[in-house]
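Below are the chains, spelled out letter by letter.
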Amino acid sequence: MRIRRISAAIVAVAAALGIAACGSSSSSSSSASSSSSAPAPAASSSTSSSSGGGSATLNGAGSTLAAPIYQQWGSSLKSQGLTVNFNPVGSGAGIADLQTATVDFAGSDPALKPTDLTKMKGPVLQFPVAFGAITVSYNLSGVKSGLKLDGPTLAKIFLGKIKTWNDPAIKALNPGMSLPSTAITIVHRSDSSGTTNGFTKYLTAVSPTWASQVGFGKDVKWPVGTGAAKNAGVAAAIKQTSGAVGYVEQAYALENGFTYASIKNSKGTYELPTIANTSAAAVGVKVPADLGISTINAPGAGAYPIVSQTFLDAYKDPCKSGGANASTASGLKKFLAYAFGAGQQTLGSGGSKLPYAPLPASLAAKDTAQLATMTCNGSPIS
């Protein structure tokens, strides 16, 4: 069923962010979501933070898939003395900013890699905070949401081997559906992107051909198609081009009123990217010691198969490694505790909730246990 409604919260945040997601760009040239200019470096925020009443100014950068979440959380925490600035520059750029300690925290959709950790100034903790569906959105007159696609067929489309919408492979998956002979126009990200990482990781899992010819990552060499910067660019290209297909995070598909495919999951059922099906992707996933989970092609029944987790990353000792003072470290811990606590109530479906799936209670508990290990210059943070 095509969803025509989107919450007022997403509309407001979309306007603030320019609805751009997960792109990699220079943090110095990207606009912050909470102000008209990019946030000051973390060291500056540390020295300017108030030392009374647990107040602090926190600066973060990274995933714009999750930027609407941090915008709303920052608004909620303002009355509690926390100012949260988040610069939506993309997962890769956010990690780079944390490596140079120019931010207090980073937002990243992929889990940290060993190569990411070697460039950090000290041990880093990563906290999963939410899940977002990556939709396969299309612009096809007369075809509603729910076009069935399985992994191998989707891979052939993005490899350029399936060129029209009435190709026998697509028709076989959708018996009785009238499909036009419209040419398929592929739209993909042109920038380094966590959304690209999730989408191509799925294609790699379901298609040996894709795995051997393209693989996965935040940047890949696309066989065919037109590149566009950030989810905003991909969304605009899909909207303007008859026959276009691309991948965009669910919040952006909703904002643009897109139709999107029902994708075959690992259990053999076709699932739409609903909040319930996105939540199901978190069921039964392996949780490593560093909490670096992956929900791509998850095994849970009813799971939508292209779901990206998103993380908040911060130094285990933000004072020693990141140059924060005690009040900023305390504010950071307060923000993180809210993220896996009361902040989870802002996610879900209906009302003013943001269309992301919240954490299962068991994973939120692991986040909380890990947060207890955070220190400031080796001492517990109050």
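Residues numbered from 1 in each chain as written. Predicted model: local features only at pLDDT ≥ 70, side-chain atom pairs only at ≥ 80, totals over all residues. Heavy atoms only, no water.

1. So, the pairing of strand E6 (residues 185-189)
Regular strands show a simple pattern: their side chains alternate between the two faces of the sheet. Heads up, the condition is: Only protein chains enter the accessibility calculation, which uses a 1.4 Å probe; a residue whose area is less than 20% of its type maximum is buried, one above 50% is exposed, and one in between is partly exposed. Comment: elements are numbered from the N terminus, with helices defined as DSSP H or I runs of at least four residues and strands as E runs of at least two. For two strands to be treated as a pair, DSSP must find at least two bridges joining them.
With 4 of 5 residues buried, E6 is to be regarded as a mostly interior element. In terms of strand pairing, E6 meets strand E8 (residues 244-249) through 3 bridges, oriented parallel. Residue pairing for E8: Thr 185 is matched across the bridge by Ala 244. Two strands pair when backbone bridges link them, and E6 and strand E7 (residues 226-228) are joined in this way by 3 bridges, in the parallel orientation. What sits directly across from Val 187, in E7, is Thr 226.

2. Here's the deal with the state of the cysteines
To keep things clear, this is the line we draw: Criterion for a disulfide: a pair of cysteine sulfur atoms at a distance within 2.5 Å.
Counted according to the given criterion, the structure contains 1 disulfide. Paired by a disulfide, Cys 319 and Cys 376 hold their sulfur atoms 2.0 Å apart. Classification of the bridge connecting Cys 319 and Cys 376 rests on its S-S torsion, roughly -100°, and on that basis the disulfide is left-handed. Here Cys 376 lies in strand E13 (residues 375-376) and Cys 319 lies in the loop between strand E12 (307-315) and helix H13 (326-339), a separation of 57 residues in the sequence.

3. Some details on the pattern of salt bridges
Definition in use: For salt bridges, the criterion is a side-chain nitrogen of Lys or Arg within 4 Å of an Asp or Glu carboxyl oxygen.
Applying the stated criterion across every chain, the model contains 1 salt bridge. Taking the shortest distance from any N to any O, the salt bridge between Asp 191 and Arg 189 comes out at 2.9 Å.

4. Topic: the packing of helix H6 (residues 151-159) against helix H8 (residues 194-206)
For clarity, the threshold we go by: Geometry is summarised by axes, namely lines fitted to C-alpha atoms with helices restricted to the contacting stretch, and by angles between N-to-C directions that run from 0 to 180 degrees. Note on terminology: angles under 35 degrees are roughly parallel, angles over 145 are roughly antiparallel, angles of 65 to 115 are roughly perpendicular, and the others are oblique. Crossings are sorted by hand: turned counterclockwise from the far helix by less than a right angle, the near helix makes the crossing left-handed, and turned clockwise it makes it right-handed. The contact rule is simple, with two residues in contact once any of their heavy atoms fall within 4.5 Å.
With their axes 9 Å apart at the nearest point, H6 and H8 run at an angle of 120° to one another. As summarised for this structure, H6 and H8 are arranged oblique, according to the angle between their axes. Judged by the twist between their axes, the crossing of H6 over H8 is left-handed. Together, Gly 151, Pro 152, Leu 154, Ala 155 and Phe 158 of H6 and Phe 199, Tyr 202, Leu 203 and Val 206 of H8 make up the contact between the two elements.

5. Some details on the sheet that holds strand E5 (residues 148-149)
What holds strands together in a sheet is hydrogen bonding between their backbones, with the strands either parallel or antiparallel. If you trace the 3 strands from one edge of the open sheet to the other, you get E5-E10-E11, paired in mixed fashion. If you trace the sheet from one side to the other, it starts and ends with E5 and strand E11 (270-271), each paired once. Bridge analysis of E5 against strand E10 (residues 262-264) gives 2 bridges, and the strand direction is parallel. Directly across from Leu 149, in E10, lies its bridge partner Ile 263.

6. Focus: unusual backbone geometry
Trans is the common state for peptide bonds, and a negative phi is the common state for residues other than glycine. The residue Ala 101 is not glycine, and still its phi comes out positive at about 60°. Mapped onto the elements of the fold, Ala 101 is located in the loop between helix H4 (91-99) and strand E3 (105-108). Residues other than glycine seldom take positive phi values, yet Lys 230 does so here, at roughly 65°. Its location among the elements puts Lys 230 in helix H10 (residues 230-240).

7. Focus on the confidence of the model for the protein
Stated precisely, the cut-off is as follows: Think of pLDDT as the predictor's per-residue confidence, scored from 0 to 100.
Of all residues in the protein, 86% attain a pLDDT of 70 or more, and the chain-wide mean is 87. When the criterion is pLDDT under 50, residues 1-53 qualifies, and its contacts beyond four places in sequence or with other chains add up to 134 contacts.

8. A look at the packing of aromatic side chains
Filter applied, for reference: Two aromatic rings from Phe, Tyr or Trp, using only the six-membered ring of Trp, form a pair when their centres are within 6.5 Å; if the ring planes differ by under 30 degrees the pair is stacked, by over 60 it is edge-to-face, and anything between is tilted.
This structure, assessed with the given rule, holds 15 aromatic pairs. Relative to Phe 335, the ring of Phe 105 lies with its centre 5.1 Å away and its plane at 40°, an arrangement referred to as tilted. With Phe 105 in strand E3 and Phe 335 in helix H13, this residue pair connects regions lying 230 residues apart in the sequence. The exposure class of Phe 335 is buried, given its relative accessible area of 0%. These aromatic residues form a ring-pair network of at least three members: Tyr 70, Trp 73, Phe 86, Phe 105, Phe 335 and Tyr 338.

9. Side note on the side chain of Ser 108
Looking at where Ser 108 falls in the secondary structure, it is placed in strand E3. Judged by relative accessible area, Ser 108 falls into the buried class, the value being 1%. Contact partners of Ser 108, with chain neighbours within four places excluded, come to Ser 63, Ser 91, Ile 95, Thr 310, Phe 311 and Asp 313.

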